[in-house]
Every structure is written in structure tokens, then in C-alpha cells.
Amino acid sequence: MIFQKTASASFSSCSMRKLHYNFLPRTAGCFCAGTDFSISLLVFPFPSPVLISCPLTLTPLSYPIPSCPYSFSSFLSLLTMLPCVHRLQPVLALLSFTLLTPGENCPAICLCPDPHTVDCSGRGLTRLPDEIPLDVRRLLLADNWIPRIPSDFLVLYSDLVYLDLRNNTLSHIEPGTLSTSSRLVFLDLGCNNLTEIPKGTFGETRSLIKLRLGNNPYLSMVNEDAFMGLTSLRELELERNALSGLQVGALSQLPSLRVVRLEGNPWVCNCNFANLFTWLVENSHKLPNGIQGMECSLPTDGRRVPLSQLSQDSFRECQITLTLTDFLIIIFSGISVSVAAIMASFFLASTVHCFQRWSKGTKGDEEESEE
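Cut-offs applied
Residues numbered from 1 in each chain as written. Predicted model: local features only at pLDDT ≥ 70, side-chain atom pairs only at ≥ 80, totals over all residues. Heavy atoms only, no water. Helix = DSSP H or I, 4+ residues; strand = E, 2+ residues; numbered from the N terminus. Buried < 20%, exposed > 50% of the residue type's maximum accessible area, 1.4 Å probe, protein only. Contact = heavy atoms within 4.5 Å. Areas by Shrake-Rupley, 256 points an atom, 1.4 Å probe, with all protein chains shown as cover. Pairing = 2+ DSSP bridges. Axes fitted to C-alpha atoms, helices over the stretch in contact; angles between N-to-C directions. Salt bridge = Lys/Arg side-chain N within 4 Å of Asp/Glu carboxyl O. Disulfide = S-S within 2.5 Å. Phe/Tyr/Trp six-rings, centres within 6.5 Å; stacked < 30°, edge-to-face > 60°. Lys NZ or Arg CZ within 6 Å of the ring centre and 35° of its normal.

Visitor: What is the right way to look at the overall build of the protein in this model?
Guide: Within the protein, the secondary structure is distributed over five helices and 15 strands. Within the span of the protein, comprising 371 residues, buried residues form 39% of the whole. Intrachain contacts of the protein at a sequence separation of at least 6 include 54% that bridge at least 24 residues. Carbon and sulfur atoms provide 57% of the accessible area of the protein, an area that totals close to 20,600 Å².

What follows is the structure, encoded as C-alpha cells:
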């Protein structure tokens, strides 16, 4: 396998990383973000070697691309991104199964109990670790101090199905960050410092089944379309946050939802909560403890009351409807007020005009008497 640089930039413009593999002697290469390369693949086994060349442009990423000292399986995963290599996928898969040893390329600070699991929990990390194998399926990053996730982090990890980021210092998730993972099934973002879940945070991650967002003490806003496209989501945890209200549309657009946790939030029993209360009563079977463990604050005195003590009549004032007679009265009142205003304006203008004419006449008489 030989890499030949074709761009005009000098070799000093990129970081040279040598590739050395026991099964392919005399191999060398270089990965350089933003530089064009021509890749020549000498593919085995065939009766005669097959040489295939295609251009490759690596765009700059905020997260480092796993490169030379990393696994050959990571390189194979990166290679399959090239359109001209798609027909070689069976051969590349055969090489990855026969020539690789399980558990290689585990990050030095982490543990890898099996070839597809990377456990970096409780390592005091302040950023995502480098050298994560591209074929990782379970990535455990709980109990660290990670403040953010690069927006392009999951682009390279297409096999990731389980991501645990609980108990870190994440304050926000950039929209689209999680939409690039097409196989993600489990996502834990609990016990962080998230403040809101905006629209497009999860894109349309249709494979996601369980989402944990609980125990974020500053999470006070969830956009109505925050979970749009999560058609397979079955479990949603939003307990013990700072939510005082929640749009029903955020929950009603989840067709596969089976379990939702909302207890421990400072709900306010105002008219904005009325629709959510109705949804909770109708879907109490989706709450682990029904509505028994939920409370809300009365808007008048701030007193907290269990939802089990409320009913639809508690929000009667929020459901005032107008009859046809009410509409006619409102329309007639508006017309009457408009007519009265016009008449009053006309009368006032006429009075002013008459007063001005009378004033001019009086002055004229006084001048004539003086002459």
C-alpha cells in the first residue's frame, strides 16, 4: 500500500506519520488535513496484484483523524469513504477479520474490555480522548470534566451504538452534532450543565431508542421540535431538571414512546401547563409512577400541590370559549364605539370652526366702531 502526494504543498506543511504493518512490508504514508493525495492500493490476494488509484481530499476537522499508529481497521473504515473503493469492501472486510488482533489501539488512559468497547469513565478527562478506534460501538465517557462535544466528532464513528456522557460539564450541544450517527441507540447526557435543548439537537437519529437528559439542574427550556425525527425513541428521561413548562408537541411527536420521566421539575400550574396536564393524565401509563410523584406550584401563592389533587376543572379558566352571541356583542360594541368617536370628532371640529368664525366677526365690528 503506497501513498503518493500529488498536491503542490510541501511535505513540511503536514505532519508526517509513517505506516508500518507486518503483513505489508515497505509501506509508508502521510495523512494531512486539507491536502490532496493520490492513493494507490495494491490489493491482495488475487492471481495478479490489482492497482487502483483515486484522489482523496481530507477536509480539516476539529477532532483529530485517527492515523498511522492507530489500527488498520480504522484505516479500512476511512478507506471505505472513498467512492472508488466501494467495490473493494468485501476484500477490505476479509483483511480486517483475518489480519487484525482484537483489542488493539485502545487509548492509553482508557480500558477496552472487548474489541468494540472503549471505557474512559472516571479518568479526569477535560476533552474527548484521542486515538479512539473508528470501529468502536460502546464509548463510555462518564464521570469526567468534558465541557463540549465537537460538532464533527461522530462523523468518523458510524458504528457507534452506545454513548455515555453522564456526569460531565457539558453546557450545550450544537445542533446537528448527534445527527451524524445513524446507528446510535443509547445516549446518556444526564448530570451535566445543559441549559436548553434547541431544535435540531438530535437531527433525525431514527435509531435512537433511549435518551437520558435528567439531572441537569439548569435545563429550563426544551424546544417543541427538539425531538423531531426520533421515531424509534422509546424511553425519554427529563427528570429533576429546571423545567417549569413543556410544550405537548415535544412529546406527542414521538410515536414509539413507552416511558417518560418528568418528576422532580418545578412545574408551574398556569394556563401554559394545562395542555401538558391533560397529556399526562391521558398517558399516565407511560410515567413510571403515574402522576402520583409529580407536583406543581400554584401561580397565586407558590404552594406546591400534587398533580393527583388536580383535575381538568382546575384549569377551567384557561378554557374559556366564546359563543356566537359573544362575538356579535363584541362586533357591535366595536362598531358603536367607532361611530361615537367619529361623531364626537365631527362635533368638536364644528365647534372649533364656529368659534373661529365668531372670533373673526367680533374683531371686525370693533374695528368699524373705532373708525
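Visitor: Quick question: what am I supposed to make of the sheet that holds strand 4 (residues 117-119) here?
Guide: The pairing of strands in a sheet comes from backbone hydrogen bonds and takes either a parallel or an antiparallel form. With parallel pairing, the seven strands of this open sheet are ordered in space as 4-5-6-7-9-11-12. Both outer strands of the open sheet, strand 4 and strand 12 (259-261), are each paired with one neighbouring strand and no more. Averaged over all pairs of adjacent strands, the angle between strand axes in this sheet comes to 0°, irrespective of strand direction. Bridge count between strand 6 (residues 162-164) and strand 7 (residues 186-188): three bridges; the pairing is parallel. Bridging from a neighbouring strand, Leu 163 pairs with Leu 187 of strand 7.

Visitor: What is the right way to look at the pattern of salt bridges in this model?
Guide: A side chain of one charge can pair with a side chain of the opposite charge when the charged atoms of the two come close. For the coordinates displayed, the defined rule picks out twelve salt bridges. Across the pair Arg 304 and Glu 295 runs a salt bridge whose closest N-O atoms are separated by 3.3 Å. Note on Glu 295: relative accessible area 35%, which makes it partly exposed. The residue Arg 303 makes a salt bridge to Asp 301 at a minimum N-O spacing of 3.6 Å.

Visitor: Help me understand the state of the cysteines in this model?
Guide: The term disulfide refers to a covalent linkage connecting the sulfur atoms of a pair of cysteines. Tallied over the full model, the rule gives three disulfides. Through a disulfide, Cys 106 is tied to Cys 112; the S-S separation comes to 2.1 Å. Taking the sign of the torsion about the S-S bond as the criterion, the disulfide between Cys 106 and Cys 112, at about 90°, is right-handed. For Cys 112, a relative accessible area of 25% corresponds to the partly exposed category. The disulfide that involves Cys 269 links it to Cys 296, with 1.4 Å between the sulfurs. Measuring handedness by torsion sign, the sulfur bridge of Cys 269 and Cys 296 sits at about -70° and is left-handed.

Visitor: Help me out: how do you make sense of the packing of aromatic side chains in this one?
Guide: By convention here, two paired aromatic rings are described through the distance between centres and the angle between planes. Enumeration according to the criterion identifies six aromatic pairs in this entry. Ring plane angle 45° and centroid distance 6.4 Å describe the contact between Phe 273 and Phe 315, whose orientation is recorded as tilted. Of this pair, Phe 273 sits in helix 4 (residues 271-282) while Phe 315 sits in the loop between strand 15 (304-306) and helix 5 (324-370), and the two are 42 residues apart along the sequence. Here Phe 273 falls in the buried class, since its relative accessible area comes to 1%. For Phe 315, a relative accessible area of 4% corresponds to the buried category. A centroid spacing of 5.2 Å and a plane angle of 40° characterise the contact between Phe 277 and Phe 315, whose relative ring orientation is tilted. A residue pair is termed long-range when its members are at least 10 positions apart, and Phe 277 in helix 4 and Phe 315 in the loop between strand 15 and helix 5 qualify at 38 residues. One cation-aromatic arrangement involves Arg 138 over Tyr 162; the distance from NZ or CZ to the ring centre is 4.7 Å.

Visitor: Would you mind showing me how to read the side chain of Asp 164 here?
Guide: Among the structural elements, Asp 164 can be located in strand 6. Apart from the residues within four sequence positions on either side, Asp 164 is in contact with Leu 139, Leu 140, Leu 141, Ala 142 and Asp 188.

These results come straight from atomic positions and should not be treated as a statement about function.
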